[in-house]
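# Topology and contacts: notes
What follows is the residue order along each chain.
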Amino acid sequence: MKKVIIIGAGPAGLTAGYELLKQKDYEVVILEETDRIGGISQTVRYKGNRMDIGGHRFFSKDERVNTWWQNIMPTQGKPSYDDLVLGHQKNFAQGGPDPEKEDRVMLIRNRVSRIYYSKHFFDYPVSLKWSTIKNMGFITTVRAGFSYLHAVVKKLPEDNLENFYINRFGRVLYGMFFEGYTEKLWGRHPREISADWGAQRVKGLSVTAVLKDIFGKMLPQKNKKVETSLIEEYIYPKFGPGQLWETVADEITGMGGAIVKNCKVKELHTQQGRITKAVCMEDGIEKVYEGDIFMSSMPVNDLIAGIRGGAVPETVQQAAADLPFRDFVTVGLLLNKLNLKNQTKLKTLNNIVPDCWIYVQDTGVKLGRIQIFNNWSPYMVEKPEETVWVGLEYFCREGDDFWNMSDEDCINLAVDELVSMDVIEREDVLDSHREKIKKAYPAYFDGYAHMDEIIAYLNTLDNLYCIGRNGQHRYNNMDHSMATSFEAVYNIVHNISDKSNVWNVNTDKEYHEVKENS
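Reference entry: report on the structure contained in this document. (Residues numbered from 1 in each chain as written. Predicted model: local features only at pLDDT ≥ 70, side-chain atom pairs only at ≥ 80, totals over all residues. Heavy atoms only, no water.)

### Observations regarding the sheet that holds strand β15 (residues 307-308)
With respect to topology, four strands assemble into an open sheet ordered β13-β12-β11-β15, the strand pairing being mixed. Sheet topology places β13 (285-290) and β15 at the edges, where each strand pairs with a single neighbour. Inspection of the sheet shows strand β12 (residues 274-282) paired to β13 by six bridges, in the antiparallel sense. Directly across from V279, in β13, lies its bridge partner V288. (Pairing = 2+ DSSP bridges. Helix = DSSP H or I, 4+ residues; strand = E, 2+ residues; numbered from the N terminus.)

Given below as structure tokens:
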């Protein structure tokens, strides 16, 4: 029996552990730096309410992932609490669990995400509806139209993210809806960021894609592709994404696997091109874990810095040390109400706006996005008919002034910003909580330019498999992180030395959330 050491108990690490234990021929030990399960896909509990860190729609074009999710948590077969109260009609799964009676269940949710800009709502992605023209104003709409036509005729070289966006939306829409938000998210102007990020996140979205979607709905066709940013539904665990991963963790331990929390990997010792052991700090005590195979979802810069016993090329050391990240802060606010009015046709509890996410494009505030947890799942909120539970998402860098703010100062700033945007009244704040997540978003600048060289070196370590978002320094969605583990496990089980299939997950130039619909 081979012993597999997996670093990180996020989606990639847990998927790998679960899949290997099903093979019966592997002993699995998962080393997790924190005391939580799920990585950025965790659910944080605060009193009677829950926070989804970063927001996670469960939707994938990879049927392996969809089947896997369903095996862990099947889709609801009966109405959820808000379905019952509001009379929602949905295509419930035949024989599926009743969320009012069972917890291990995926809910079917409405997908609504909009942009809040200059105190007006705009569709996300930007649509060509009358409401968009009305909110932009006639003159701005005309300017945007001519700007887009100019971009169609005169394409810019896609050697940075700014040109990538301008080619798809025109300079006017880019300036309104992409430039400032991207700089908030990454702390860099889009012209300083590789176009690779756009290729993975918004490749299929453009004014042309919006037009195709509009006319496609008028003229339905078989097997047409639908951008998931235009889909209307997704599934979601009753108690948030962390519930699924906590369930998987329980399955892993039930199959004989071990998950060690509060265990930070400091060093990986190598011998003759193979890793032999991981040296960790476990609750302040040094521990050593030997293994035959190692799978890493830890940040690539930490991985390279921790390698001992082999000569890591100096250029690789420097490039890895320069790999950048954006860190993440969520401020949870429990509110009596929002000032925002529900002017959609979607029914919600207490008639709040139906959005899961609201993107804040205004550059006058630091706030990047607003999550409304009531709309992700009514079971995320202790009193969903009486209160609104929101998450205010901020992007920063570990150690900067915002990261180092006290909880009180950070929460006060968040409240001030929402008040200035006319989203809330100060007196409607009932409670608050702050969460800080390190290295939430791998960034595509600085050392990223040398990523191919880093990968080439890592592939020389025969028994090392890099998986997941941080393990590959790629802005993967949760399903892509899982797919890297599927590929790595396949290689391990079939003794395949070529790891290109693992690294090639989410490198296609098609928008990564496109699915064939019949």
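### What to know about the pattern of salt bridges
Enumeration according to the criterion identifies 25 salt bridges in this entry. The salt bridge involving D431 is made with K47; its shortest N-O contact spans 2.7 Å. Linking D431 in strand β20 (residues 429-442) with K47 in the loop between β3 (43-46) and β4 (49-52), this pair joins segments that are 384 residues apart in sequence. Exposure remark for D431: the relative accessible area of 18% places this residue in the buried category. One salt-bridge network, held together by shared partners, links D62, R64 and E487. (Salt bridge = Lys/Arg side-chain N within 4 Å of Asp/Glu carboxyl O. Buried < 20%, exposed > 50% of the residue type's maximum accessible area, 1.4 Å probe, protein only.)

### A word on helix α14 (residues 407-420)
Here α14 spans 20 Å end to end across 14 residues, near enough to the 20 Å set by a 1.5 Å rise per residue. All buried positions along α14 are accounted for by C410, I411, A414, V415, E417 and L418. The buried residues of α14 occupy an angular sector of 160° when the element is viewed end-on, so they sit on one face. Taken from the residues just after α14, D422 is the one with a positive phi, measuring 65°. (Expected span 1.5 Å × (residues − 1). Arc of directions from axis to C-beta.)

### Quick look at the state of the cysteines
Within the structure shown, the criterion is met by zero disulfides. The closest cysteine sulfur to the non-disulfide-bonded C410 is located on C396, 8.2 Å from its own sulfur. (Disulfide = S-S within 2.5 Å.)

### A few points about the sheet that holds strand β7 (residues 120-123)
Spatially, the seven strands line up as an open sheet ordered β7-β6-β17-β18-β19-β16-β20, and their pairing is mixed. Of all strands in the sheet, those with a lone pairing partner are β7 and β20, marking the two edges. Each adjacent strand pair in this sheet contributes to an overall mean axis angle of 25°, direction not counted. As paired elements, strand β16 (residues 325-335) and strand β19 (residues 388-396) share nine bridges and run antiparallel to each other. (Axes fitted to C-alpha atoms, helices over the stretch in contact; angles between N-to-C directions.)

### Thoughts on the packing of helix α5 (residues 138-153) against helix α6 (residues 161-177)
Two elements in contact, α5 and α6, have axes separated by 7 Å at closest approach and are oriented at 150°. It follows that α5 is roughly antiparallel to α6 by the angle criterion. Between α5 and α6 lies a crossing of right-handed hand. For the pair formed by α5 and α6, the contact residues are T140, R143, A144, S147, Y148 and A151 on the first element and I166, N167, R168, F169, G170, R171, V172, L173 and M176 on the second. For the contact of α5 with α6, a count of residues per class yields eight nonpolar, four polar and three charged. (Parallel < 35°, antiparallel > 145°, perpendicular 65-115°, else oblique. Left-handed = near helix turned anticlockwise from the far one by under 90°. Contact = heavy atoms within 4.5 Å. Nonpolar A, V, L, I, M, F, W, Y, C, P; charged D, E, K, R; others polar.)

Take it as geometry only, folks, not as evidence of what the structure does.
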